[in-house]
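# Report on the structure
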Amino acid sequence: MYWTRDGTCGLGRAIGLTCLCRPENGLGRPVPAPQTCETPLLSAATPAPSTPRQQSGPAASTHARVLTVLRAVTQGSGVQGVLDLTRSTGIPDSTVHRILQAGVETRTVDQVSRGRYRPGPAMIEMALQAMTSAPVAADVQQMLDDLQRSTGGVVILSTVTGFGGLRRLCTDYTLGDRDPETLRALTYTIGSMPRSLRVGATGRVILAHLPTHMQEAVLAEELPQPQTPGAIRDEAGLLASLADICRRGFAIGRQEALVGWDAIAAPVMWGSTVMGSIGLGMPAEEMPSDLRELIQRTCDAARAMSLIAGGQIAA
C-alpha cells in the first residue's frame, strides 16, 4: 500500500501525515522547513504537504464523519480504541462506535479485540484496484532501459511493501552490458529480498515521503547488518538526510547499500503518494565528481513515471 505526504492513502486517501520536512517532525526534533530546490530543474517531485485538517467537533455530515473516522483508524501506529479515535476526531464515541461496526461488516475495519480496531483487508483490496492505473511492465522496462543507456549505470525500480514491516522491494532493474560476474553481489542485494528503508538512496528517498508514524516505525529498527562504509548510523544524521531529500527531491548514497557502489535516487509518486523510487547505481570509481547531469536524468525518469502513474500523461 502506498502512502501520501498529505496523509492520504493512494486508494482511499485515508490517513494523516506530518512529514519530516515540516518544522516539527513528530519525533520531538525540529528539522529545516522545506524550500525550493536550489537548482530549479532538479526540484522535488512532490508538492509541499498541506496541513491535515483536525476535527474540532462533530463532522458536518454523516459521510464526512465516516471518512474522518476511517482516516483516523489508519493514522495510528497500531491498534486503536474507540476513545483514542474520539479524541483524535472530535466525534462522539457512540458515533465512532457505530461507524467502526459498519466498517467491520464491510471489512474496511478489522476488530482485533473488544473495543480495539485497525485497518481491515478491504483497504488492501482498494489499494490493489487503484494500483491498476500504474504503468504497465513494458512501459516501466522501457523507461529503465532509456535511463540506463543514457547514463551507463545500473537502474533499479524499488516499490514500497508493508507486509511484515515497511521495506523496499526491487520490482524491476536493468544492468546494461556489464559483466554479470562483476554484478553478482549487486544482483543479490537488489533482487533477493525486501530491504530496509534506512539504508541506501533508494530506501531513504521513500522513507522521506512516508507518514510520520511509519517513519517512526522504521527509525525504531536496528541498522541492518553488515554495515557498509556509507551507511548513516546515527538517528540525527538520518533525520537530517530526510529533510535534505524533501528539500532537494533526490538522494545520494556513497557506498551506502553496497561496498564499492554509489547511487542516486528519486521518488516515484502518484500525486503526493510515494509509490517507490528509481535508483541509478555505478561503481564508486566511475561516478563522476559533477553529478548534476546524472541527477537530472534520474529525476526526469522518476517524474515521467510519476506522471504516467497518475494518469497525467500517456506512456
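The structure we're discussing is the one just above.
The text that follows walks through the structure, step by step, so that each part is easy to find. Because the structure is predicted, anything quoted here is derived from the model rather than measured.

Let us look at the side chain of Ser277. Its location among the elements puts Ser277 in strand S9 (residues 273-283). Side-chain polar atoms of Ser277 contact the backbone oxygen of Thr202, separated by 2.9 Å. If near-sequence neighbours (up to four positions away) are discounted, Ser277 is found in contact with Ile156, Leu157, Ser158, Thr202, Val205, Ile206, Ala266, Pro267 and Val268.

Bringing the side chain of Thr108 into the picture now. Mapped onto the elements, Thr108 comes out in the loop between helix H3 (93-105) and strand S3 (109-113). Every residue in contact with Thr108, bar those within four places of it in the chain, is listed here: Leu70, Gly103, Pro119, Gly120, Ala122 and Met123.

Turning our eyes to something else, we now look at the packing of helix H1 (residues 62-75) against H3. As a packed pair, H1 and H3 sit with axes 10 Å apart at the nearest point and diverge in direction by 80 degrees. Considered as vectors, H1 and H3 are oriented roughly perpendicular to each other. Contacts between H1 and H3 involve Arg65, Val66, Val69 and Val73 from the former and Thr95, Val96, Ile99 and Leu100 from the latter. Looking at the contact of H1 with H3 residue by residue, the classes come out as six nonpolar, one polar and one charged.

Take the pattern of salt bridges next. Considering all chains together, one arrives at 12 salt bridges under this definition. With its nearest N and O atoms 2.7 Å apart, the salt bridge here joins Arg87 to Asp84. In this pair, Arg87 and Asp84 both sit in helix H2 (residues 82-89), three residues apart, roughly one turn of the helix. The exposure class assigned to Asp84 is partly exposed, which follows from its relative accessible area of 27%. Linking Asp84 and Arg116 is a salt bridge whose minimum nitrogen-to-oxygen distance equals 3.4 Å. In this pair, Asp84 is assigned in helix H2 and Arg116 in strand S4 (residues 116-119), connecting sequence segments 32 residues apart. Given the relative accessible area of 32%, Arg116 is considered partly exposed. In this structure, a network of salt bridges that share partners links the residues Asp84, Arg87 and Arg116.

Counting 26 residues, the largest nonpolar core has Leu144, Leu157, Val268, Ile278 and Met305 as the members making the most contacts within it. Elements with a minimum of two residues in this core: helix H5 (137-151), strand S5 (154-161), strand S8 (261-270), S9 and helix H10 (292-309). The element best represented in this core is H10, accounting for eight residues. Counting residues in each nonpolar core, the second largest holds 18 residues, with Leu197, Ala208, Val218 and Ala251 among its members.

For the rest of this paragraph, the subject is unusual backbone geometry. With phi around 70 degrees, Arg107 is a residue other than glycine that occupies positive phi space. Within the secondary structure, Arg107 is located in the loop between H3 and S3. Given a relative accessible area of 38%, Arg107 falls into the partly exposed group. In the Ramachandran plot, Gln255 falls in the positive-phi region, its phi being about 50 degrees despite a non-glycine side chain. Within the fold, Gln255 resides in the loop between strand S7 (251-254) and S8.

Taking burial as the measure, the 10 residues of S8 include nine buried ones, the bulk of the element. Strand direction decides the pairing type here: S7 and S8, joined by four bridges, are antiparallel. Bridge pairing in S8 places Arg254 opposite Asp262. Hairpin connection from S7 to S8: six residues lie between these consecutive antiparallel strands, with Gln255 at a positive phi of about 50 degrees. Judged from the 10 bridges that link them, S8 and S9 form a sheet pairing that is antiparallel. Its bridge partner lying in S9, Val268 is registered against Gly276.

Analysis parameters
Residues numbered from 1 in each chain as written. Predicted model: local features only at pLDDT ≥ 70, side-chain atom pairs only at ≥ 80, totals over all residues. Heavy atoms only, no water. Helix = DSSP H or I, 4+ residues; strand = E, 2+ residues; numbered from the N terminus. Polar contact = N/O pair within 3.5 Å; in protein donor to acceptor, adjacent residues only side chain to side chain. Contact = heavy atoms within 4.5 Å. Axes fitted to C-alpha atoms, helices over the stretch in contact; angles between N-to-C directions. Parallel < 35°, antiparallel > 145°, perpendicular 65-115°, else oblique. Nonpolar A, V, L, I, M, F, W, Y, C, P; charged D, E, K, R; others polar. Salt bridge = Lys/Arg side-chain N within 4 Å of Asp/Glu carboxyl O. Buried < 20%, exposed > 50% of the residue type's maximum accessible area, 1.4 Å probe, protein only. Core = buried A, V, L, I, M, F, W, Y, C linked by side-chain atoms within 4.5 Å. Pairing = 2+ DSSP bridges.

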